[in-house]
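Given next are the chains, with one letter for each unit.
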Amino acid sequence: MSSIVNAYRKLLEFPLSFLVKNNPIPVNPIEELQLNLLQPIVYVLPYTSQTDFVIFRRNCLSVGLPDPAEKNEIQGMTLPRYVYLDEGRRFFKSKGAKDETIQIFNKYLELHRTFEDLDVQIVPVSVLWGRSPGHENKTGLPNLRLLNSMQKTFAAIWFGRDTFVRFSQAVSLRDMANMHGSDEKMAQKLARVAKMHFARQRISATGPRLPNREAMFNKLLQSAPIQAAIDDEAKSKNISREKAEKEAYKILDEIAADVSHSSLRAADRFLRWLWNKLYSGIDVQNADRVRKLALEGHEIVYVPCHRSHIDYLLLSYVLYHQGLVPPHIAAGINLNFWPVGSLFRSWGAFFIRRTFKGNRLYSAIFREYLAELFHRGYSVEYFIEGGRSRTGRLLAPKTGMMSMTLQALQHHQTRPISVVPVYVGYEHVLEVDTYAKELRGAEKEKENAGLVLRVIKKLRNLGQGFVNFGEPITLSNYLNQHFPDWKENHHEEKPQWFNHAVGKISEQVMININKAAAVNAMNLVGMALLSSRQRALSREQLVEQLDSYQQMLQQAPYSEDMVIPKDSSETMLEHVLSLDRVGVLVEKDNFGEIVRLERTSAVLMTYYRNNIQHAFVLPSLVASIILHYETIQKDLLLDAMSKIYPFLKGELFLHFSQDELRVQIGKVIAEFTRQEVIYSSENLFSMNRPKVRILQLWAAGVREILQRYYITVTILQKDPQISRATLEKESQLVAQRLSVLHGINAPEFFDKAVFSTFIASLKNEDYFDEQGNGNLTHLDELSSVLEHLISTEISLTIKGTVEKAEEIK
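Residues numbered from 1 in each chain as written. Predicted model: local features only at pLDDT ≥ 70, side-chain atom pairs only at ≥ 80, totals over all residues. Heavy atoms only, no water.

Colleague: Looking at this structure, I do not really get the overall build of the protein chain. What am I missing?
Modeller: Broken down by element type, the protein chain carries 31 helices and 22 strands. Relative to its length of 809 residues, the protein chain is compact, with a C-alpha radius of gyration of 30 Å against a globular reference of 28 Å. Taken over the C-alpha atoms alone, the protein chain extends approximately 95 × 75 × 55 Å along its principal axes. Residues classed as buried in the protein chain amount to 55% of the 809 residues present. When contacts within the protein chain are restricted to residue pairs at least 6 apart in sequence, long-range pairs at least 24 apart make up 79% of them. Surface exposure of the protein chain reaches about 36,200 Å², of which carbon and sulfur atoms provide 51%. (Helix = DSSP H or I, 4+ residues; strand = E, 2+ residues; numbered from the N terminus. Rg over C-alpha atoms; globule rule 2.2 N^0.38 Å. Buried < 20%, exposed > 50% of the residue type's maximum accessible area, 1.4 Å probe, protein only. Contact = heavy atoms within 4.5 Å. Areas by Shrake-Rupley, 256 points an atom, 1.4 Å probe, with all protein chains shown as cover.)

Colleague: Just to check I follow, could you spell out helix H20 (residues 498-515) for this structure?
Modeller: Because each turn of an α-helix spans 3.6 residues, side chains separated by three or four positions end up pointing in the same direction. With 18 residues, H20 extends 26 Å between its outermost C-alpha atoms, agreeing within 8% with the 26 Å of an ideal straight helix rising 1.5 Å per residue. Among the residues making up H20, those that are buried are Phe 498, Ala 501, Val 502, Ile 505, Ser 506, Val 509, Met 510, Ile 511, Asn 512, Ile 513, Asn 514 and Lys 515. (Expected span 1.5 Å × (residues − 1).)

Colleague: So what exactly am I meant to see when it comes to the sheet that holds strand E19 (residues 592-597) here?
Modeller: Paired through their backbone hydrogen bonds, the strands of a sheet run either parallel or antiparallel. One open sheet accounts for 3 strands, arranged E17-E19-E18; its pairing is antiparallel. Both edges of this open sheet fall to strand E17 (536-538) and strand E18 (584-589), since each of them pairs with a single strand only. Averaged over all pairs of adjacent strands, the angle between their axes in this sheet comes to 25°, without regard to strand direction. Where E18 meets E19, 6 bridges bridge the pair, whose relative direction is antiparallel. (Pairing = 2+ DSSP bridges. Axes fitted to C-alpha atoms, helices over the stretch in contact; angles between N-to-C directions.)

Colleague: How should I be thinking about the sheet that holds strand E21 (residues 678-680) in this particular structure?
Modeller: The strand order across the open sheet formed by 3 strands is E20-E22-E21, and the pairing between neighbours is antiparallel. Where the open sheet ends on each side, the last strands, each with one partner, are strand E20 (631-633) and E21. On average, adjacent strands in this sheet sit at an angle of 20° to one another, irrespective of strand direction. Note that E20 and strand E22 (residues 684-687) share 3 bridges and pair antiparallel. In the strand pairing of E22, Thr 631 is matched with Ser 686. Strand contacts of helix H25 (residues 634-652): E20 and E22, with the helix running at about 85° to E20, the strand carrying the most contacts. Against the sheet, helix H26 (residues 658-674) engages E21 and E22, with an angle of about 115° to E21.

Colleague: What should I look at first to understand the environment of Arg 58 in this one?
Modeller: When you line up the elements, Arg 58 lands in helix H3 (residues 50-62). Residue Arg 58 is classed as partly exposed on the basis of its relative accessible area, which comes to 21%. Contacts of Arg 58, omitting those with residues within four sequence positions, involve Leu 16, Ser 17, Val 20, Lys 21 and Asn 22.

Colleague: Whenever I open this one, the confidence of the model for the protein chain confuses me. Can you help?
Modeller: Interpreting fine coordinate detail is not advised for predicted regions of low pLDDT. In this model, the protein chain carries an average pLDDT of 87, and 90% of its residues clear a pLDDT of 70 or more. Confidence drops under a pLDDT of 50 for residues 89-97, and excluding neighbours within four residues, the segment shows 19 contacts in the predicted structure. Counting interchain partners and residues more than four positions distant, the pLDDT-below-50 stretch residues 138-145 has 8 contacts. (pLDDT = per-residue confidence, 0-100.)

Colleague: Before we go on, may I ask you to explain the packing of aromatic side chains in this structure?
Modeller: Evaluated as defined, the whole model comprises 29 aromatic pairs. Aromatic pair Tyr 607 and Tyr 608: ring centres 5.5 Å apart, planes at 75°, arrangement edge-to-face. In terms of burial, Tyr 607 and Tyr 608 fall into one category: buried. Within the aromatic cluster, the residues linked to one another by ring pairs are Tyr 43, Phe 53, Phe 56, Tyr 82 and Tyr 84. In this structure, Arg 9 is placed above the aromatic ring of Phe 53, and the distance from its NZ or CZ to the ring centre is 3.7 Å. (Phe/Tyr/Trp six-rings, centres within 6.5 Å; stacked < 30°, edge-to-face > 60°. Lys NZ or Arg CZ within 6 Å of the ring centre and 35° of its normal.)

Colleague: Honestly, the packing of H25 against helix H27 (residues 692-718) in this entry has me stumped. Any pointers?
Modeller: For any two helices packed against each other, the geometry is given by the interaxial angle and the distance between the axes. At their nearest, the axes of H25 and H27 sit 12 Å apart, and the two run at 110° to each other. Viewed along their axes, H25 and H27 adopt a mutual orientation that is roughly perpendicular. Contacts from Ile 644, Phe 647, Leu 648, Glu 651 and Leu 652 of H25 reach H27 at Ile 705, Leu 706, Arg 708 and Tyr 709. Taken together, the residues of the contact of H25 with H27 break down into 7 nonpolar, no polar and 2 charged. (Parallel < 35°, antiparallel > 145°, perpendicular 65-115°, else oblique. Nonpolar A, V, L, I, M, F, W, Y, C, P; charged D, E, K, R; others polar.)

Colleague: Teacher, can you tell me more about the nonpolar core here?
Modeller: Soluble globular proteins tend to pack their nonpolar side chains together in the buried interior. Counting 213 residues, the largest nonpolar core has Trp 275, Tyr 302, Phe 350, Tyr 369, Leu 406, Phe 469 and Leu 637 as its most contacted members. For this core, the element with the most residues is helix H24 (residues 602-629), which contributes 17 residues. Those residues in contact with Trp 275, other than ones at most four positions away along the chain, are Ile 310, Leu 313, Leu 314 and Tyr 317. The next biggest cluster of nonpolar side chains, apart from the first, holds 24 residues, and it includes Val 42, Ile 102, Val 120 and Ala 187. (Core = buried A, V, L, I, M, F, W, Y, C linked by side-chain atoms within 4.5 Å.)

Colleague: For this particular structure, what's the right way to read helix H22 (residues 539-555)?
Modeller: If you check H22, its first and last C-alpha atoms are 24 Å apart, about what 17 residues at 1.5 Å a residue would give, namely 24 Å. Of the residues making up H22, those classed as buried are Arg 539, Leu 542, Val 543, Gln 545, Leu 546, Ser 548, Tyr 549, Gln 550, Met 552 and Leu 553.

Colleague: Even after reading the chapter, I still don't get the side chain of His 328, so can you show me in this structure?
Modeller: Inspection of the secondary structure assignment puts His 328 in strand E11 (residues 328-332). A relative accessible area of 8% places His 328 in the buried class. With near-sequence residues (within four places) excluded, His 328 lies in contact with Ala 257, Val 259, Gly 348, Phe 350, Tyr 369, Leu 373, Tyr 378, Ser 379, Val 380 and Glu 381.

Colleague: Could you clarify how one ought to interpret a nonpolar patch on the surface in this entry?
Modeller: Side chains of Phe 14, Phe 18 and Leu 19 sit close together on the surface and give an oily, nonpolar patch of about 360 Å² of accessible area. Considering the arrangement of structural elements, one finds Phe 14 in helix H1 (residues 2-19). (Patch = residues over 30% accessible without salt bridge, like charges linked within 9 Å, V, L, I, M, F, W, Y side chains within 5 Å. Salt bridge = Lys/Arg side-chain N within 4 Å of Asp/Glu carboxyl O.)

Colleague: It is not clear to me how the pattern of salt bridges should be interpreted in this structure. Could you clarify?
Modeller: Note on pairing: side chains with opposite charge can pair once their charged atoms come close. What the rule picks out here adds up to 35 salt bridges. Measuring nitrogen to oxygen at the nearest pair gives 2.6 Å for the salt bridge that ties Arg 393 to Glu 651. On the criterion of sequence distance, the pair formed by Arg 393 in the loop between strand E13 (380-381) and helix H16 (400-410) and Glu 651 in helix H25 is long-range, its members being 258 residues apart. With respect to burial, Arg 393 and Glu 651 carry one shared label: buried. Salt-bridge contacts for Glu 671 lead to Arg 674; the nearest nitrogen and oxygen are separated by 2.8 Å. Here Glu 671 and its partner Arg 674 are both found in helix H26, 3 residues apart, which amounts to about one turn of the helix. What makes Arg 674 partly exposed here is its relative accessible area of 46%.

Colleague: Is there a simple way to explain unusual backbone geometry in this structure?
Modeller: For residues besides glycine, phi is generally negative; the peptide bonds are generally trans as well. Cis rather than trans, the peptide bond between Ile 25 and Pro 26 has omega equal to -5°. Note on placement: Pro 26 falls in the loop between strand E1 (24-25) and helix H2 (29-32). At Gln 34, a residue that is not glycine, the phi angle is positive and equals roughly 55°. Locating Gln 34 in the fold gives a position in the loop between H2 and strand E2 (41-47). Backbone geometry at Phe 653 places phi at a positive 55°, although glycine is not the residue there. For Phe 653, the location among the structural elements is in the loop between H25 and H26.

Colleague: So what exactly am I meant to see when it comes to the layout of surface pockets here?
Modeller: A water-sized probe, rolled over the atoms, reveals where empty space remains. In this model, the largest pocket occupies a volume close to 1,300 Å³. If you go around the largest pocket, you meet 44 residues; those closest to its centre are Ile 282, Asp 283, Val 284, Gln 285 and Gln 464. Elements with a minimum of two residues in the lining of the largest pocket: H2, helix H11 (261-278), strand E9 (281-285), helix H12 (287-295), helix H13 (311-321), strand E15 (464-469) and helix H23 (569-578). Looking at the lining of the largest pocket, the element that brings in the most residues is E9, giving 5 residues. One number sums up the size of the second largest pocket: a volume of about 1,000 Å³. Lining the second largest pocket are 47 residues, with Ala 396, Gly 650, Glu 651, Phe 653 and Thr 757 sitting closest to its centre. Listed by contribution, the elements that provide at least two residues to the lining of the second largest pocket are H20, H24, H25 and helix H29 (752-764). (1 Å grid on protein atoms, 1.4 Å probe; cavity = no way out; pocket = protein on both sides within 12 Å on 5 of 7 lines; lining within 4 Å. Points joined across faces, edges and corners; volume = space filled by probe spheres on them.)

Below, the structure is given as structure tokens:
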């Protein structure tokens, strides 16, 4: 019988090699699932299928996994390397396949009783033919039936490129035997657990059935909150109820997605071509976190940072290829233009107006629509910054969507809701030229078809893209820990704790996004060149500085989630020089090569530096303090750090607590000492003059931030009773003058928002008294620290400009 099966498999191999593409999930299962190839592996498949086996085997061999067609040799015993849980629909039937599987499990368990060093890894594997969830029927349940031979032939032809082989987290048979014993009941339990796992896995890959749009509209329009809003609309605008109902339907039609799986498949083809055209690869990290949440039945809310319009497309594409369901995406109404509006809607976009203010009907409909998505089990994605960052930094969170998410949790949401922060980064952002124009004062161009065509014409080598899934926040767990009374007064729309909780969760999302940053060659080269006042370094200096950055990331990492480049500094530099239109040039003279940044590209490069500034700001501050003091006692350094850190934390969404801060400072100092950039004893630190250039370039990373802080503090010292709005405005004006006089290119240097954040942090740190006036004692202490860390030239310009502003008043 086995020879016939083998012959049949051989017969299948040739056509399937053309029809079905290798699509293993994850792409590198040995590394991502932490499989130990020195211990035996047993693959568990859901049901017997020779077609599935051929595809599964080919994927195993492509990623370096043991060949499932071979057997495991354990202490003289030969056992199969794969088992089937169920019979399925097969031409070659083997009655009692499930009994055979339990017998094989029992034999492996017996070996564990005899050999203590043995640890067989059970790896569940399933072949997913197509990903269509189907549309709602009367029961609304997903269709999980098996495919027969004819259906599978059709699937191979039609869904060949959409066939995925999903490798799940391995189960240690040693752990199972130690915890639950190794008798026959244990083998049966293992089989039952595996069957449940495959059912959950299929749902996590396809998602719930797509809704009947009209039926969903009717349900929503009949809901009590929308009915009340319709009544209010008719009364407040003095129109008939029928007219108000038509307006409600029109709004719902404007908002709601209209997902089509065939459109998603077409999008996959287009996006594969687009990424290959634009980028040399997409680096995806920590997707296993999301797969785990999906298998556990969580409602998933993706909250990425917002760098580019293609963020929408990239995240959906990545999730699809990680074996997960592309989410419903909250997109700005500005993207609902012909012809892409209807396309985005078919790919899962639902559209949101810039403001709900004063429109109760729109607000009620949008809130109920979002709650319905959660209720039906669809994953959701929204950009908490509200718009794309023009400076490369994270923007302050807009909390409206998070507020509605928390309301959905309050109102009898049965499944746990987990928010997944996502870092999205690029070595070259498609719209960065446009951002530079807008920062120089040009008006934002309205999105339209012509703009899309112009962008497509610019297709070129843009380096790599990065998607890193940060640490998830399960909302109920977070609330239980920080707001233990949150379940009380659940009938209230916004209890006393609500707004504070929304703010804290939103802030934590931003912190987790920054923890998951992906550092790339463009970030590091840009940061080094911008740290030089002339935006130029000798090739040797630049490589030396890149080495210092990389070693700091390795020895004193900002977070465990951060992605660090593995290439050498020389390789990274060559890579940046190979990219199109980045403005990094190499010039030669009698003494060697000079790498410089074109003046016109300086603003663009600050964008990429700002992507990772938060990860380098603590080492930069340590370097700045030691550089300007030359020799400093440990207590004085720690005091200066503790005074400045709260402002950096508020501005850059840093994650260290005060206790963690001291530990991190210790790691940074230890690494600078190891690199021989500084000398350190138990209580004294001093710079190493032969390596002062490295220290100067590090210190430049925080230079402009400290200058901004000094501007605001100086104004506040001069006029402690100044209003907050006037303080923000005057700080911005002084910064604009400083940027012109001293050639500061960073677009955020005179951004009103950063001054607003700093002033809020001053208030939180008690630099204002109860009357709202500046606390001069505290301000003088902070000013003294800041003045030590900026140049005399800058200090005089700031003081002189503030004096002039006072005279003008």
